[in-house]
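Geometric and topological summary
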Amino acid sequence: WQSIPTYHQELMPSDMIDRSPLLPSPHAILTAIDVATTCMDALLQNDRPRENSGLQVCFDFSSDRCRASLGGSLEEFIAYANNPTFGSMTNAKEYLVLGVGPAIASTMTRGAMQTVLVKVVPAKGKDRTFLWTMQQERRPPRQGLWLVHECIYVENAFALTF
């Protein structure tokens, strides 16, 4: 197989897709807020430079736990992202960062965390608010990088508190 390194790791054949050097990828200089806005910027122009490149950026910035919860592969993530709720962020008109939560210090079992509240004005339908939760990775090869832990529609987040 052809091996395409990313995040200093070797990818499996199912992950070997066209990874454009023009697309943003996780880097140590990016903060939790940078990651949320990078993902949102990519989603606003989801099909540039090619179809679903915005979703690819979000997948690349996702933690292993987040990826696993959505099927584990880019193809399964793209299929998931076509749902009406998450899909409202792709090719949306605009977004606005409404707030940023305080950084929560790391513990022995997880990296530091921070939330970013984002209002999305979709191309069609009503505005939606999403809570992006970022977590700093503790394990190599992406140790120290801020990654997407989860992104949930705020209306659904309230139900999770019960």
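Provided above is the structure to which this section pertains.
Reference entry: report on the structure contained in this document.

Cut-off values and rules
Residue numbering note: each chain is counted from 1, following its sequence as written. For this predicted model, a pLDDT threshold of at least 70 governs which residues receive local features, and a threshold of 80 or more governs which side-chain atom pairs are given and counted, while totals over whole chains, interfaces and linings are taken from all residues. For side-chain calculations, the full set of non-hydrogen atoms in the structure is used, while hydrogens and water are omitted. Between N-to-C directions, angles span 0 to 180 degrees; the directions come from axes that are lines fitted to C-alpha atoms, helices contributing only their stretch in contact. Each helix is a run of H or I in the DSSP string that is no shorter than four residues. Each strand is a run of E no shorter than two, and both are numbered from the N terminus. Two helices that cross are described as forming a left-handed crossing if the nearer one is turned anticlockwise from the farther one by less than a right angle, and a right-handed crossing if clockwise. Any two residues whose heavy atoms approach within 4.5 Å at even a single point are treated as in contact. Residue polarity follows a fixed list, in which Ala, Val, Leu, Ile, Met, Phe, Trp, Tyr, Cys and Pro are nonpolar, Asp, Glu, Lys and Arg are charged, and the others, Gly among them, are polar. Definition of nonpolar core: a set of buried residues of the types Ala, Val, Leu, Ile, Met, Phe, Trp, Tyr and Cys, connected through side-chain atoms within 4.5 Å. Residue exposure (1.4 Å probe, protein chains only): buried if accessible area is under 20% of the type maximum, exposed if over 50%, otherwise partly exposed.

Attention shifts here to the packing of helix 2 (residues 53–60) against helix 4 (residues 74–81). Where helix 2 meets helix 4, the axes come as close as 10 Å, and the angle between the chain directions of the two elements is 115°. Like other packed secondary-structure pairs, helix 2 and helix 4 cross with a definite hand, here right-handed. Between helix 2 and helix 4, the contacting residues are Leu55, Gln56, Cys58 and Phe59 on the first element and Leu74, Phe77, Ile78 and Ala81 on the second. Split into classes, the residues belonging to the contact of helix 2 with helix 4 amount to seven nonpolar, one polar and no charged.

Within the largest apolar cluster, 34 residues are counted, with the highest numbers of intra-cluster contacts made by Val35, Phe77, Met89, Trp132, Met134 and Val148. Secondary structure elements with two or more residues in this core: helix 1 (32–44), helix 2, helix 4, strand 2 (113–121), strand 3 (128–136) and strand 4 (146–153). For this core, the element with the highest residue contribution is helix 1, accounting for seven residues. Dropping the residues within four chain positions of it, Met89 is found in contact with Met40, Leu43, Leu44, Val120, Phe130, Trp132 and Cys151.

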